[in-house]
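Coordinate analysis (summary)
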Amino acid sequence: MKTLALGIFALLFSLNIQAQNQNKKTETVTTTTTVKDNNGEHKVIKKEEIKEVQNIELKDVPKGTLNTDIQPTPTQATVTTTVNVDGQERVVDVDHSAYYSYNGERYHVLSDNSGYTISSPNSVSLLRKTANNTFIYRNKNKFSVGHFDSNGDLILETYDDKTDKVTVEVFNLQK
């Protein structure tokens, strides 16, 4: 009796495994960038893994037909971006590494191990990600909170103790 129950159990699970009800496609795009700065050469490896999944649904099957056509269904795509900077790997929702401009000055935002480094002709600043999808901006003279808007621009909000006001600076993405 035990053998019969185990046999039926194994048969049911093997039938379930053989059914394919999804089309799956995975594509990986790898980009390698070498950056030279004051500290030497840095190698940045960016991998984007694109997964597409489409459920398979059959059209209505008339009686007596063996084959039927597949009904078109929507495809769900997910993109996972992994950035490897100097041997340390991290997953990035959106990579905002680019050139930005503010008050006629050009800034280079570059991904690093903990967030981003912002380089300008006069200084180097840090941009660190927080848990609620904002960033902490830090340089010698300033401590701000920032975020990226839907256009890709960097918005920094700085609190001034003397005036008790928040000033907003918009760093425009250069396209």
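Bear in mind the structure is a predicted one, so any value in this text is a computation, not a measurement.

What about the nonpolar core?
With 13 residues, the main nonpolar core has Tyr 100, Ile 118, Leu 127, Phe 148, Leu 154 and Phe 171 as its most contacted residues. Only strand 7 (98–102), strand 8 (105–111), strand 9 (115–119), strand 11 (135–138) and strand 13 (154–160) provide two or more residues apiece to this core. Filtering out sequence-adjacent residues up to four positions away, Leu 127 remains in contact with Gly 115, Tyr 116, Ile 118, Phe 135, Ile 136, Tyr 137, Phe 148 and Leu 154.

Quick look at the environment of Pro 62
For Pro 62, the location among the structural elements is in the loop between strand 3 (57–58) and strand 4 (70–71). In the structure, Pro 62 is positioned 55 residues away from Thr 117 in sequence and 63 Å away in space, judged by C-alpha atoms.

Focus on a nonpolar patch on the surface
Taken together, the side chains of Tyr 159, Val 166, Val 168 and Val 170 present a nonpolar region at the surface, about 360 Å² in accessible area. Among the elements that line the nonpolar patch, the one with the most residues is strand 14 (residues 165–173), at three residues. Along the polypeptide, Val 170 turns up in strand 14.

Comments concerning the pairing of strand 11
The alternating pattern of strand 11 places Phe 135 and Tyr 137 on a buried face and Ile 136 and Arg 138 on a face that is not buried. The sheet contact formed by strand 10 (residues 124–129) and strand 11 spans four bridges and is antiparallel. Residue pairing for strand 11: Leu 126 is matched across the bridge by Arg 138. Linking strand 10 to strand 11, which pair antiparallel, is a turn of five residues; within it Asn 133 sits at a positive phi near 65°. Of the strand pairs in this sheet, strand 11 and strand 12 (residues 143–148) are connected by four bridges, and their pairing is antiparallel. Counted as the bridge partner of Tyr 137 is Ser 144 from strand 12.

Focus on the side chain of Thr 117
You can see Thr 117 is positioned in strand 9. Under the relative-accessibility criterion, Thr 117 is labelled buried at 19%. In this structure the side chain of Thr 117 is engaged in a polar contact, spanning 2.8 Å, whose partner is the side chain of Asp 112. Setting aside its immediate chain neighbours within four residues, Thr 117 contacts His 108, Val 109, Leu 110, Asp 112, Val 124, Ser 125 and Leu 126.

With respect to the packing of aromatic side chains
Counted under the stated rule, the structure contains six aromatic pairs. An angle of 50° between the planes, with centres 6.3 Å apart, marks the rings of Tyr 100 and Phe 148 as tilted. In this pair, Tyr 100 sits in strand 7 while Phe 148 sits in strand 12, placing the two residues 48 residues apart along the sequence. Its relative accessible area of 1% is what places Tyr 100 among the buried residues. Between Tyr 116 and Phe 148 the ring centres are 6.2 Å apart and the planes differ by 65°, which places this aromatic pair in the edge-to-face class.

So, the side chain of Ser 120
Along the chain, the position of Ser 120 falls in the loop between strand 9 and strand 10. Classification of Ser 120 as buried rests on a relative accessible area of 15%. Excluding its chain neighbours within four sequence positions, the residues that come into contact with Ser 120 are Glu 105, Arg 106 and Tyr 107.

Calculation criteria
- Residues numbered from 1 in each chain as written.
- Predicted model: local features only at pLDDT ≥ 70, side-chain atom pairs only at ≥ 80, totals over all residues.
- Heavy atoms only, no water.
- Core = buried A, V, L, I, M, F, W, Y, C linked by side-chain atoms within 4.5 Å.
- Buried < 20%, exposed > 50% of the residue type's maximum accessible area, 1.4 Å probe, protein only.
- Helix = DSSP H or I, 4+ residues; strand = E, 2+ residues; numbered from the N terminus.
- Contact = heavy atoms within 4.5 Å.
- Patch = residues over 30% accessible without salt bridge, like charges linked within 9 Å, V, L, I, M, F, W, Y side chains within 5 Å.
- Areas by Shrake-Rupley, 256 points an atom, 1.4 Å probe, with all protein chains shown as cover.
- Salt bridge = Lys/Arg side-chain N within 4 Å of Asp/Glu carboxyl O.
- Pairing = 2+ DSSP bridges.
- Polar contact = N/O pair within 3.5 Å; in protein donor to acceptor, adjacent residues only side chain to side chain.
- Phe/Tyr/Trp six-rings, centres within 6.5 Å; stacked < 30°, edge-to-face > 60°.

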